[in-house]
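Remarks on the overall topology
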Amino acid sequence: MNRRQLLKNAALLATAAPMAAAQLQCASEYMPAFPIRERLDQGSFDIEQDEGWRTALFTTASERPMRNPGTGLVGYTWEENGPSLAVRTGRKTLEQQVEEIASLPFVDVLYIRCDWRNVQSRPGRLDLDPVWGLTLDAAKRHGLRVAFRVQLSNPEFQPKQIALPEFLRSRIPLVSIGRLAKRENRDFVEPRYDHPEFRKALTQLNDLLTAEFDGNPLIEWMDLMQYGFWGEGHTSNLPNPFPDYATAERTFLEMTEEQLDSWKKTPVAVNTQPDISHVGNRRVIDLAMRRGAWLRSDSILLEEPIQIDELANRPAWLACIMEDGDLRQYDISKLPPDSAGVNPMENRMLHTLDLKANYWSLWTESENLKKYDERYPRGFERVRANLGYRLRPAWVWQRKRYETSELIVCVANHGVAGVPGILWLELKSADSTWKLRGALDPGQPVGGGLRQAAFLLPKGFDGEVHLSAELEIRPGVLKPIAWACEQDVNADGSISVKVRRPDDPQWRKGI
């Protein structure tokens with residue numbers, strides 16, 4: 001290699017490195033979408049005033065499954081191919097299948113993934129497929145939550161059927177984008193997402209969905225309605241239907257921003273698909289993260305390095321939703337263990353802990369899921385004991401301060417993920433005569449971490465106080481959190497702390 005070529009290559013490397021770094025946004029560059037208010041003093045708490053102190057509470061982490069907002073295992077009542085195999089083949093009714101999946105003891109969230117045609121068949125109103133009512137009813141009866149995605153495009157039924165409702169097909173141009181050999185060499189079409197009729201219809205659909213579901217206490221999250229196959233931001237290795245890149249990116253960004261503006265009370269999730277279809281995914285993901293959207297991926301084994309990096313190194317206050325559709329039937333006859341005794345699905349699900357994920361998907365086959373859990377119990381047990389966040393007041397100290405008592409609460413997170421939002425702590429007297437509240441920083445405590453916070457008690461108080469927590473999952477939307485500790489909690493989910501008198505002999509002072 002001559003000197004000129006060497007210098008040219010060095011220059012190329014120098015310019016390439018900053019570009020790569022720009023694409024891998026650092027989590028520290030993102031600011032929380034939540035307003036920070038009523039922030040508790042979070043230390044550090046030095047001993048500049050050693051008037052006396054004591055450890056008032058000391059708890060043990062629990063391995064028991066916890067049903068808390070922002071984390072859990074997700075059972076599907078409908079996926080992109082429809083209901084379960086048993087329903088599709090006539091062996092079960094949809095009602096039976098929904099009840100069976102909701103009855104599984106390890107299911108925390110029920111999920112619907114359906115086409116636009118499954119939620120609307122005429123302008124101006126929702127016409128929800130029966131699976132919606134069945135799923136919401138089952139969730140209410142079993143103490144579960146519900147999440148969903150409405151697909152604007154779905155390759156599963158093409159060319160016989162497309163995701164668009166019938167009443168829109170004559171108004172929106174459909175573009176033939178080619179054939180896929182891996183899908184029986186079928187012809188595929190995509191709508192012109194930039195067409196005025198499509199945009200108007202999508203705005204109406206989004207408005208109808210938000211009016212029905214935004215802020216509904218049963219709804220855990222909503223997947224953004226995105227461009228392309230299954231709403232994942234791509235059309236495989238086929239071209240997109242846009243006339244040029246600028247139009248594609250602008251349209252995709254506008255679709256995303258419209259939904260982010262509308263969903264104010266329910267979390268939304270953005271797919272992390274790289275921009276293989278040249279429609280502006282990187283800017284869409286960046287915009288969604290800056291607006292507080294959770295991240296999700298539809299595979300864990302077959303993902304590219306960029307997605308694993310984005311998911312694992314996301315800001316602590318954003319949840320991560322993971323699934324893997326390759327072995328979705330959980331058929332133990334098709335899951336031979338490797339030489340270490342680990343079956344392929346167990347290997348996949350345990351990788352969610354590497355990603356510090358909040359959710360893992362179980363898909364639709366309730367019979368197979370039950371058999372899988374009986375044959376390979378370790379997978380679900382380990383995931384449920386570590387997935388998402390698992391909080392407890394690991395230490396509570398009482399200190400003499402400013403002629404009264406101060407309680408310092410140290411919240412430990414035994415889970416792998418940060419808190420998906422803002423954690424609020426509440427301390428009140430056992431007789432409810434007074435109450436103190438305040439918030440930790442967004443995402444705190446992070447997975448495997450600790451965060452301390454101080455409460456200055458009313459002067460002269462001694463006796464029992466109750467400590468509880470809530471998750472602010474969207475601005476102004478707070479949901480109670482169950483403490484993940486072995487020690488007993490009260491009927492309302494709080495834990496009791498004994499505040500001692502100033503003259504109590506258990507006070508410590510000095511070393």
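A brief structural summary. All values reported here derive from a predicted model rather than from experimental measurement. (Residues numbered from 1 in each chain as written. Predicted model: local features only at pLDDT ≥ 70, side-chain atom pairs only at ≥ 80, totals over all residues. Heavy atoms only, no water.)

**Topic: the overall build of the protein chain**
Put simply, the rule reads: Helix and strand assignments follow DSSP, with helices taken as H or I runs no shorter than four residues and strands as E runs no shorter than two, numbered in order from the N terminus. Each radius of gyration is computed over the set of C-alpha atoms, and the globule rule expresses the reference value as 2.2 Å times the number of residues to the power 0.38. When a residue's accessible area, from a 1.4 Å probe over protein chains only, is under 20% of the maximum for its type it is buried; when over 50% it is exposed; and in between it is partly exposed. Accessible surface area values rest on a Shrake-Rupley calculation with a 1.4 Å probe, where residue burial reflects the displayed protein chains alone.
Helix and strand counts for the protein chain come out as 11 helices and 19 strands. Relative to the globule expectation of 24 Å for 511 residues, the C-alpha radius of gyration of the protein chain, 26 Å, shows essentially globular dimensions. By principal-axis analysis of the C-alpha atoms, the protein chain measures approximately 80 × 70 × 55 Å. With 511 residues in all, the protein chain has 56% of them scored as buried. On the protein chain, roughly 22200 Å² of surface is accessible, and the fraction owed to carbon and sulfur atoms is 52%.

**A few points about the pairing of strand β3 (residues 109-115)**
The condition that has to hold: For two strands to be treated as a pair, DSSP must find at least two bridges joining them. Seen with its strands pointing away from the viewer, a crossover is right-handed when the path leading from the first strand over the helix to the second is clockwise.
When you tally the buried positions in β3, you get seven out of seven residues, the bulk of the element. Judged by which residues are buried, β3 turns out to be covered on both faces: V109, Y111, R113 and D115 on one side and L110, I112 and C114 on the other are all buried. Bridge analysis of β3 against strand β4 (residues 145-151) gives seven bridges, and the strand direction is parallel. Of the residues in β4, the one forming a bridge with I112 is F148. Since β3 and β4 lie parallel, the crossover through helix α4 (residues 130-142) that links them has a hand, and here it is right-handed.

**Re empty space enclosed by the protein**
The following threshold applies: The definitions used throughout rest on a 1 Å grid laid over the protein atoms alone, on which a cavity is an enclosed set of points accommodating a 1.4 Å probe that cannot get out and a pocket is an open set flanked by protein within 12 Å on both sides along at least five of seven lines; lining residues are those having an atom within 4 Å of a point. Grid points are joined across faces, edges and corners, and a volume is the space filled by probe spheres set on the points. Throughout, the ten residues Ala, Val, Leu, Ile, Met, Phe, Trp, Tyr, Cys and Pro are labelled nonpolar, Asp, Glu, Lys and Arg are labelled charged, and all others, Gly among them, are labelled polar.
Taken as a whole, this structure holds four cavities of 30 Å³ or more when the rule is applied. For the largest cavity, the calculated volume is near 120 Å³. Taken together, P65, M66, N68, T71, G72, L73, D108, V383, R384, L387, Y389 and R390 make up the full set of residues lining the largest cavity. Put simply, the parts of the chain that give the lining of the largest cavity at least two residues each are β2 (72-78) and α11 (377-386). For the lining of the largest cavity, a count of residues per class yields six nonpolar, three polar and three charged.

**What about the pattern of salt bridges?**
Condition: For this analysis, a salt bridge means a side-chain nitrogen from Lys or Arg found within 4 Å of a carboxyl oxygen belonging to Asp or Glu.
For the coordinates displayed, the defined rule picks out 46 salt bridges. Between E166 and R169 there is a salt bridge, and its shortest N-O distance comes to 2.9 Å. Through salt bridges with shared partners, a single ionic network connects E79, E80, R88, R113, R149, D223, R296, D298, E323 and R328.

**Observations concerning the side chain of E156**
Test applied: By definition in these notes, contact holds between two residues if any of their heavy atoms fall within 4.5 Å.
Mapping E156 onto the fold places it in the loop between β4 and β5 (174-180). Apart from the residues lying within four places of it in its own chain, the contact partners of E156 are E80, N81, R183, R186 and W230.

**Considerations on helix α10 (residues 366-375)**
Stated formally: Taken from the helix axis, the directions to the C-beta atoms give the arc we talk about.
When we look at burial in α10, the residues that qualify are S366, L369 and Y372. Seen end-on, α10 carries its buried residues on one side only, within an arc spanning 120°. Buried-residue contacts for α10 involve α3 (94-103), α9 (344-354), β11 (359-363) and α11.

**Brief notes about the environment of T89**
Note that T89 resides in the loop between α2 (85-88) and α3. Overall, the relative accessible area of 55% leaves T89 in the exposed class.

**Description of the sheet that holds strand β13 (residues 404-413)**
Filter applied, for reference: Note on geometry: axes are C-alpha line fits, over the in-contact stretch for helices, and angles between N-to-C directions span 0 to 180 degrees.
Read from one edge of the open sheet, four strands run β1-β12-β13-β16, paired in antiparallel fashion. Of all the strands in the sheet, just β1 (53-58) and β16 (450-456) have a single pairing partner and so form its edges. For this sheet, the mean angle separating the axes of adjacent strands, direction not counted, is 20°. Relative to strand β12 (residues 391-401), β1 is paired through five bridges, and the arrangement is antiparallel. In the sheet register, W53 faces β12, and the bridge partner there is R399.

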